Amino acid sequence: MPLSTQSQGDDEQYVLVASLDNARNLSNILKAITFKDHAIFTATTNGLKVTVEDSKCLQANAFIQAEIFQEFTIREDLVAFQINLTVLLDCLNIFGGTTTPGVSTALRMCYRGYGYPLTLFLEEGGVVTVCKINTQEPEEPIDFEFCSTNVTNKVILQSESLKEAFSELDMTSEVLQITMSPSQPYFRLSTFGNAGNAHYDYSKDSDMMELFKCTETQTNRYKMSLLKPSTKALALSCKVSVRTDNRGFLSLQYLVRNDDGQICFVEYYCCPDEEVEEN
Amino acid sequence: MNCVLEGNSIKAFGKAIHALSRVGDELWLDPMVKGLALRSVNSAHSAYACFLFSPLFFQQYSLDSVREQDSGPIKCKLVMKSVLPLFRCSTSIERSVKQCQISVSTGSDRVIVQFFCRHGITKTYNVRFLESEALQAVFASHLCPNVLKAPARLLGNMVKHFHASQEEVTLSMSALRVSLRNYNEGRNDHMKMMHTEMSLHPDEFDYFQAGVDSDITFCLKELRGLLCFAESHCLPVSVHFGTPGKPVCFSVEDMVLEATVVLATLADFESRGPSQPTETPAPTTHSCADAAALPVGMHETQSNNLQVLPDVTELVESSQGSPITYPPVLMQLQCQGDNLAELCVPAEACACAGMTPPSSMICSLLFKALSSELGDDDDYDDGGAPRLPVLAYFSDEEDYPRSPSL
């Protein structure tokens, strides 16, 4: 395979080398967070984290563990850069992204370090493409200070039911209100649109509800425009965990299975629009 | 009002709303003792549709007619766009909705539609409505000379031959055959048009009665919704009509529901093109007018000047709103004895008798005031009734997108 004809010596110059037999295992998950052009790539020995932020209120992270890659070599503790995500996705799909069985695009991603471009070697059917994408100074991702000790309410749902709810959400509503409570209505999504209000209630006994742990009644509103991109992650996922903390910050974690059945995670953090405490 | 639907009824209800959405942008919900009526009328008032679901259609149906001021339950006018999405995906409704509950409580301005779905999911929609006038048109179909009855599939197949953009068609009936052809406004570019005509032998129909030879031209778009509904329920469709200018009525019924679509037809004038809806509030003599007229009674429950008039008639044309030219002759108010369409509005319906002159004067003045641009000597004909078309649109809406250019 052409990619392996790279001389071993070249590798010494790279601080990060990551290879995948199927580039879709990376590109699919990146599509779930592509709502802005730029993303921050952070690599550690654990794997790769890609972060996209919007207006300081929303942050999406995609985690691809080192085990997903066929090769993952990192020569520093932390490697970080900022890159144009749209361009990166275009390159990953440069062979057209057709899903002929047995045919996939192989990827070798190499980074020499600060100031160097990200080099992608892509191969499909004997054809090799080399892409060099400029990198930028990585901005510090926002720390939403969302920690599990402050989580007041948590549910884990099968994505199937949420997908339907999100596809039917009234988009004329500026906010999505999420109510979580140990008593009725348990878990409720509400919209306030031009035509009127809509509420989606999930009973805690629903067979779609895998976990229900709500300690207090909380109602929070989030800007619809911020949450809308999360539907892409929802579409890819099989399970989603919804958590709110004592400040009303929302954490959505999506469990995504890639083409080879391996698990990756995507998470979204969102600030509340305003706090509405209801008893 | 409170009603509960289960199973297939939910899907049928949804399809009825789909059919009504092909007619108008608003949905009137009228809970009555004899059932729940869903109605719609197009903005030109040239098409009216009504689906009446008898109490048997529902799992539960109850009216709580406790209301301080009024007698009877609430009549709600809903914006179609807010109701249609609730019933949009009939396959997902079929798959996941177990029960649907619709309720309107007095003193609130919302219709509550609740879907109890599988997996412990409940969807609740509070849809705002405008409490409004009742909308009803009654068509005395038993008086129509021409009657056809055919399985929905037959009509569906006939209509399939016409392009989706074909607005109007002409249905011709004689003792020997029934034909359907497309109708194009009197333009001369025959070369650019495709003319389609199909003829059927009377034997094709389950019931065939050709009282008078007649060619009626009506708008197809609003009919398609009903045909779709009828086909999905495998119901036969009845067509009642008479001479051109009188409305045509398409109806289906089964044990628990009846659906009707009444369409205005073009009157038989040579120089005539499709025209725009006109609003002449006063003269109910228009209801038996020679020009294509669809009498739709709107009964104002709120008190305002218009309450002086028990009902209001709109003179409409069958098409969808191209600019009009009105030959004065069309506005002649002729009262024909065999008026088929009556206004169904509480008691005061006055079909052909005409309004008392003072009221008609009041109303026309009122409307004239709203549209002073048109102030013309031509406004009144000899009879003292307004002659010119349109002007103010009689309704609460502020914008009437297809206003004629004055």
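Note: the structure precedes this text.
Just so we're clear, the structure is a prediction, and the values are computed from it rather than from any experiment.

Undergrad: How should the overall build of chain A be read in this particular structure?
TA: The secondary structure content of chain A amounts to 6 helices and 20 strands. Relative to the compact-globule value of 19 Å for 279 residues, chain A shows a C-alpha radius of gyration of 20 Å, a close match. In terms of overall dimensions, chain A has C-alpha extents of about 65 × 40 × 30 Å along its principal axes. Within chain A, the fraction of its 279 residues that count as buried is 52%. A separation threshold of at least 6 residues defines the contact pool for chain A, and within that pool the share at least 24 residues apart is 67%. If you sum the accessible surface of chain A, you get close to 12400 Å²; carbon and sulfur atoms cover 47% of it. Between the mean site of the 22 positive side-chain charges and the mean site of the 38 negative ones, chain A shows a separation of 1 Å.

Undergrad: Before we go on, may I ask you to explain the sheet that holds strand β4 (residues 58–65) of chain A in this structure?
TA: The pairing of strands in a sheet comes from backbone hydrogen bonds and takes either a parallel or an antiparallel form. Residue and element names in this part refer to chain A. Across the sheet, which stays open at both edges, the 10 strands sit in the order β10-β6-β2-β3-β4-β19-β18-β17-β11-β15 with antiparallel pairing between neighbours. In the strand order of this sheet, the two ends are held by β10 (135–136) and β15 (209–214), each with one partner. The sheet contact formed by strand β3 (residues 47–54) and β4 spans 8 bridges and is antiparallel. Within the sheet, the bridge partner assigned to T51 lies in β4 and is N61. On top of the sheet, helix α3 (residues 85–92) reaches β2 (38–44), β3 and β6 (79–84); it is set at about 85 degrees to β6, its chief contact.

Undergrad: Honestly, the nonpolar core in this entry has me stumped. Any pointers?
TA: Soluble globular proteins tend to pack their nonpolar side chains together in the buried interior. Grouped together as the largest cluster of nonpolar side chains are 151 residues, with contacts concentrated most on A:L120 and B:F87. Among the elements that line this core, the one with the most residues is helix α1 (residues 8–21) of chain B, at 7 residues.

Undergrad: Got a minute to help me understand the environment of A:E140 in this structure?
TA: Topologically, A:E140 is positioned in the loop between β10 and β11 (151–158). Separated by 60 residues in sequence, A:E140 and A:A80 have C-alpha atoms that sit 9.6 Å apart.

Undergrad: How should the packing of aromatic side chains be read in this particular structure?
TA: The geometry of an aromatic ring pair is captured by the separation of the ring centres together with the interplanar angle, meaning the angle of the planes. Residue and element names in this part refer to chain A. Per the stated rule, a full pass over the model turns up 23 aromatic pairs over all chains. Aromatic side chains Y186 and F212 sit 5.8 Å apart centroid to centroid with 85 degrees between the ring planes, which places their arrangement in the edge-to-face category. Remark: F212 occurs in strand β15 and Y186 occurs in the loop between β12 (175–180) and β13 (187–192); sequence separation between them is 26 residues. Given the relative accessible area of 15%, Y186 is considered buried.

Undergrad: Explain the pairing of strand β8 (residues 118–124) of chain A here, please?
TA: Residues and elements named next belong to chain A. When you tally the buried positions in β8, you get 7 out of 7 residues, the bulk of the element. Every second residue of β8 is oriented toward a common face, with L118, L120, L122 and E124 on one face and T119, F121 and E123 on the other, all of them buried. In the sheet, strand β7 (residues 106–111) pairs with β8 via 6 bridges, with the strands oriented antiparallel. Pairing of Y111 across the sheet is with L118, part of β8. Here β7 hands over to β8 after 6 residues, with G113 in that stretch at a positive phi of 130 degrees.

Undergrad: Is there a simple way to explain α1(B) in this structure?
TA: Given 3.6 residues per helical turn, the α-helix brings residues three or four places apart onto the same face. With 14 residues, α1(B) should cover 20 Å at 1.5 Å per step; its first-to-last C-alpha distance of 20 Å lies within 8% of that length. Taken as a whole, α1(B) has its buried residues at B:S9, B:I10, B:A12, B:F13, B:G14, B:A16, B:I17, B:A19 and B:L20.

Undergrad: How do you make sense of the pattern of salt bridges when you look at a structure like this?
TA: Once their charged atoms are close, side chains differing in charge can pair, the charge on each being opposite to the other. Tallied over the full model, the rule gives 16 salt bridges over all chains. For B:R95, the salt bridge is made with A:E164, and the minimal N-O distance between the two is 3.8 Å. Within this pair, whereas B:R95 is found in helix α3 (residues 90–96), its partner A:E164 is found in helix α4 (residues 159–168), the two belonging to separate chains. Overall, the relative accessible area of 54% leaves B:R95 in the exposed class. For A:E164, a relative accessible area of 22% puts it in the partly exposed group. Across the pair A:K204 and A:D205 runs a salt bridge, and its minimum N-O distance is 3.9 Å. By relative accessible area, A:D205 is classed as exposed at 60%. Among the charged side chains, a network of salt bridges with common partners joins A:E164, A:E168, B:R95 and B:K123.

Undergrad: Explain the sheet that holds strand β5 (residues 71–74) of chain A to me, please; I cannot follow it from the model alone.
TA: Residue and element names in this part refer to chain A. Spatially, 5 strands are ordered β5-β1-β7-β8-β9 in an open sheet, and the strand pairing comes out antiparallel. A single partner strand is all that each edge strand has here, and the edge strands are β5 and β9 (127–133). Each strand of the sheet is rotated relative to its neighbour by a mean of 10 degrees, with strand direction disregarded. Contacts between α3 and the sheet are confined to β7, β8 and β9, with β8 contributing the most and set at about 25 degrees to the helix.

Undergrad: Looking at this structure, I do not really get the pairing of β2(A). What am I missing?
TA: Consecutive residues of a regular strand have side chains that alternate between opposite faces of the sheet. Residue and element names in this part refer to chain A. The element β2 is extensively covered by neighbouring structure, given that 5 of its 7 residues are classed as buried. Note: β2 against β6, 6 bridges, orientation antiparallel. Bridged to T42 within β6 is A80. Across 5 bridges, the pairing between β2 and β3 is antiparallel. The residue of β3 that forms the bridge with A43 is L48. Taking the residues that link successive antiparallel strands as the turn, the β2-β3 hairpin has 2 residues.

Undergrad: In this structure, what is going on with the interface of chain A and chain B? I would like to understand it.
TA: A common way to express how large an interface is: the accessible area buried when the components associate. If you look at the interface, chain A gives 17 residues, while chain B gives 15 residues. Buried area between chain A and chain B, summed over both chains or domains, comes out near 1300 Å², and the portion from carbon and sulfur atoms is 41%. The tally of links between chain A and chain B comes to 3 salt bridges. For the pair chain A and chain B, the interface holds 12 residue pairs in polar contact (both at pLDDT 80 or more). Elements represented by at least two residues in the side of chain A that touches chain B include exactly α4 and β14 (196–202) of chain A. In terms of residue count, the dominant contributor to the side of chain A that touches chain B is β14(A) (7 residues). The residue makeup of the side of chain A that touches chain B, split by class, is 5 nonpolar, 8 polar and 4 charged.

Undergrad: What exactly am I supposed to notice about the environment of B:P31 here?
TA: Tracing the sequence through the fold places B:P31 in strand β2 (residues 26–32). Spatially, the C-alpha atom of B:P31 lies 6.7 Å from that of B:M1, the residues being 30 residues apart in sequence.

Undergrad: How should the packing of helix α4 (residues 152–160) of chain B against helix α5 (residues 221–233) of chain B be read in this particular structure?
TA: Packed helices, taken two at a time, are described by the angle between their axes plus the distance between the axes. All names here are of chain B. Put simply, α4 and α5 touch, their axes get as near as 9 Å, and they point 140 degrees apart. Regarding the angle of α4 to α5, the classification is oblique. The chirality of how α4 crosses α5 is left-handed. Residue-level contacts link A152, R153, L155, G156 and V159 of α4 to R224, L227, A230 and E231 of α5. Grouping the constituent residues of the contact of α4 with α5 by class yields 5 nonpolar, 1 polar and 3 charged.

Conventions used here
Residues numbered from 1 in each chain as written. Chains lettered and ligands numbered in written order. Predicted model: local features only at pLDDT ≥ 70, side-chain atom pairs only at ≥ 80, totals over all residues. Heavy atoms only, no water. Helix = DSSP H or I, 4+ residues; strand = E, 2+ residues; numbered from the N terminus. Rg over C-alpha atoms; globule rule 2.2 N^0.38 Å. Buried < 20%, exposed > 50% of the residue type's maximum accessible area, 1.4 Å probe, protein only. Contact = heavy atoms within 4.5 Å. Areas by Shrake-Rupley, 256 points an atom, 1.4 Å probe, with all protein chains shown as cover. Lys, Arg positive; Asp, Glu negative; His and termini not counted. Charge placed at Lys NZ, Arg CZ, Asp CG, Glu CD. Pairing = 2+ DSSP bridges. Axes fitted to C-alpha atoms, helices over the stretch in contact; angles between N-to-C directions. Core = buried A, V, L, I, M, F, W, Y, C linked by side-chain atoms within 4.5 Å. Phe/Tyr/Trp six-rings, centres within 6.5 Å; stacked < 30°, edge-to-face > 60°. Expected span 1.5 Å × (residues − 1). Salt bridge = Lys/Arg side-chain N within 4 Å of Asp/Glu carboxyl O. Buried area = accessible area lost by both parts, 1.4 Å probe. Polar contact = N/O pair within 3.5 Å; in protein donor to acceptor, adjacent residues only side chain to side chain. Nonpolar A, V, L, I, M, F, W, Y, C, P; charged D, E, K, R; others polar. Parallel < 35°, antiparallel > 145°, perpendicular 65-115°, else oblique. Left-handed = near helix turned anticlockwise from the far one by under 90°.

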